[in-house]
Amino acid sequence: MKIILLSPKGPLYRHRGGIFKKNLRYAPLTLTTLAALIPPELNASVEILDEGIEDVDVERIQADLVGITATTGNSVRAYELADRLRARNIPVVMGGPHVTLVPDDAQPHVDSVVVGYAEDTWPELLRDFAAGQMKPRYTMSPDLSLANRPFPKRELVKKHGYITTHVFESQRSCIHYCEFCVAPTAWGNKPFYKPVEDVIADIKQHYDRRILFIDLNLINDRDYAARLFEALISLKVDWFGLTTTLLNRDKELLKLTARSGCSGLLMGFESIRRDNQKLMKKGFNTPDEYRAITDELHQYGITLMACFTFGLDNDTTDVFMETARFAVEASIDLPRYAIVTPFPGTALYKRLEAEGRILTKNWELYDAQHVVFQPKLMTPEELYAGHEKAWKYTYSIPNMTRRFLGSRIQVPVWWVTNIGYRFYANHLKDFYNCDWIMGQLTPVKAATD
Ligand code: B12
Ligand code: SF4
């Protein structure tokens, strides 16, 4: 049996003409994890294709089964690929965050939909497929365990396409309920943990001095985090990962994080306005502490990628430059700006839909850099223009230099990633011409009522 696993391109994340250049692209674990889960008794051969790093000629694909992963931003392409493959009688299975959020949206395009994490359902589906009994839908059990799973088959990816393949995970989902976030809606707020020994064994068998964790929140569980960080000490790795700002309230854990080799953290600062934090149910974030958090991380030798979100209901047009100036003055190593995006199925989507504020259901534009809803205190044009201005200000050469000099951690990788985002900032405008006509959209709800 020949299985092809495919990750589709989106407007921003694509091999040609995208703005995620190689210095921002690490190898995801999605398809390598699925490849490892294929039951050995099926004697299947497997190939991984990622349209983010290579051209894929869909008409030349030959396979018994194709598995496609879909985020919301690339789901339109995922459906197109699925339709074309099925027209050639190649069965298609689809899974991933988008499909988990809105399975009925994907169903007409595929032979089977896999909802949720697929550690049990994907092998079950493949056995059913081999027996000619594949069902139209497979859904994750809430009791899923991530213990004793095979390690991702990273050897199957084309290494040259990514800045690193030394990518790992220890846990999935998050304990918090931020209104805009996909995680609690798609996977619930009871995280799934891999035993620390499994994580360490995986790192040892694919060792590199510098590794990346893609977990959404490494400090979901304090005891687990402490055990993981303790275990990392002996590996002598420099690691990068994601936590919340709550890490800085736990001085012992923060110290241990640094001792374990942490070199960089991504934190969702989201907004410099306190009232926005409450509104998006992220009340544990205190903007007054952001400067101190950044300084403290720098003292520990940890760089900070802080993510900000624009277009929240209390945002007025002065928020963009206020935020960008703060990011530069605080010497945040890698600031990132998103436009708030109501991913389908999330609490935010439901609220905005009820308020008649969803402007388009073209999922291709749900990539956190397009305006897809009616902001409360500004126009869509103001939101887009302000967001682009913040990117450009932050990634101008003088302001990159100011941030570099202000950060105490002056390592070469700082420039590699900053140059990647400078390119991103300067090319964002190229992606505002899809089929999006600024100012000419009417709210979808109103239009269909
Ligand atoms: C790597 C990654 C990226 C990469 C590549 C993404 C890509 N291919 O497009 C980069 C850096 C480019 C990226 C960019 C973005 N990303 Co991203 N990214 C991730 C990340 C951190 C890791 C993915 C991963 O390896 N997971 C580990 C694997 C094992 O889990 P998994 O992918 O969920 O797969 C499991 C199941 O879902 C299922 N499954 C998945 N696919 C399939 C397919 C089949 C056939 C089957 C059977 C099962 C199955 O089985 C797997 C095993 O259980 C995730 C967060 C996370 N930790 O998952 C976010 C995530 C996927 N990204 C997200 C977002 C929002 C974005 C951005 C919009 C962010 C931004 N502001 O730029 C952009 C959009 C890019 C685009 N395509 O339009 C959201 C997706 C939300 C959504 N509804 O689309 C996620 C979930 C993060 C979040 N906070 O919620 N991202
Ligand atoms: S803390 Fe981060 S990962 Fe957790 S729910 Fe909020 S936005 Fe999502």
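Given the structure is predicted, the values throughout are model-derived calculations rather than measurements. (Residues numbered from 1 in each chain as written. Chains lettered and ligands numbered in written order. Predicted model: local features only at pLDDT ≥ 70, side-chain atom pairs only at ≥ 80, totals over all residues. Heavy atoms only, no water.)

Draft legend 1. View of the domain arrangement of the protein chain. Domain boundaries assigned for the protein chain yield domain 1 (2-139) and domain 2 (174-431). Just the C-alpha atoms count here: the centres of domain 1 and domain 2 sit 27 Å apart. Every contact between the two is made by 23 residues of domain 1 and, on the other side, 26 residues of domain 2. Summed over both partners, the interface of domain 1 with domain 2 comes to about 2,200 Å²; 79% of that surface belongs to carbon and sulfur atoms. (Domains from an automatic or database assignment. Contact = heavy atoms within 4.5 Å. Buried area = accessible area lost by both parts, 1.4 Å probe.)

Draft legend 2. Just the sheet that holds strand 6 (residues 137-139), in detail. With respect to topology, six strands assemble into an open sheet ordered 2-1-3-4-5-6, the strand pairing being parallel. Looking at the sheet topology across the chains shown, the edges are occupied by strand 2 (45-50) and strand 6. Strand-to-strand twist of the sheet, defined as the mean angle between neighbouring strand axes without regard to direction, takes the value 20 degrees. Sheet analysis places strand 4 (residues 92-95) next to strand 5 (residues 112-115), joined by two bridges and oriented parallel. Residue pairing across strands places methionine 94 opposite valine 113, the latter belonging to strand 5. On the sheet, helix 2 (residues 75-87) packs against strand 1 (2-7), strand 3 (65-69) and strand 4 and is oriented at approximately 165 degrees with respect to strand 4. Together, strand 1, strand 3, strand 4, strand 5 and strand 6 form the strand contacts of helix 5 (residues 121-130), whose direction differs from that of strand 6 by roughly 150 degrees. (Pairing = 2+ DSSP bridges. Helix = DSSP H or I, 4+ residues; strand = E, 2+ residues; numbered from the N terminus. Axes fitted to C-alpha atoms, helices over the stretch in contact; angles between N-to-C directions.)

Draft legend 3. Representation of the site of ligand 2. All residues in the neighbourhood of ligand 2 are listed as Cys174, His176, Cys178, Phe180, Cys181, Leu216, Thr244 and Lys282. Grouping the constituent residues of the shell around ligand 2 by class yields five nonpolar, two polar and one charged. (Near = heavy atom within 4 Å. Nonpolar A, V, L, I, M, F, W, Y, C, P; charged D, E, K, R; others polar.)

Draft legend 4. Quick look at the site of ligand 1. In the region of ligand 1, 37 residues are neighbours, and Leu29, Thr30, Thr69, Thr72 and Glu119 sit closest. Glycine 96 has a polar backbone atom sitting 3.3 Å from a nitrogen atom of ligand 1. Interatomic distance of 2.7 Å between a side-chain N/O atom of glutamate 119 and an oxygen atom of ligand 1. Put simply, the parts of the chain that give the shell around ligand 1 at least two residues each are helix 1 (30-36), strand 3, strand 4, helix 3 (97-101) and helix 6 (182-187). Looking at the shell around ligand 1, you find at least three residues from each of domain 1 (2-139) and domain 2 (174-431). (Polar contact = N/O pair within 3.5 Å; in protein donor to acceptor, adjacent residues only side chain to side chain.)

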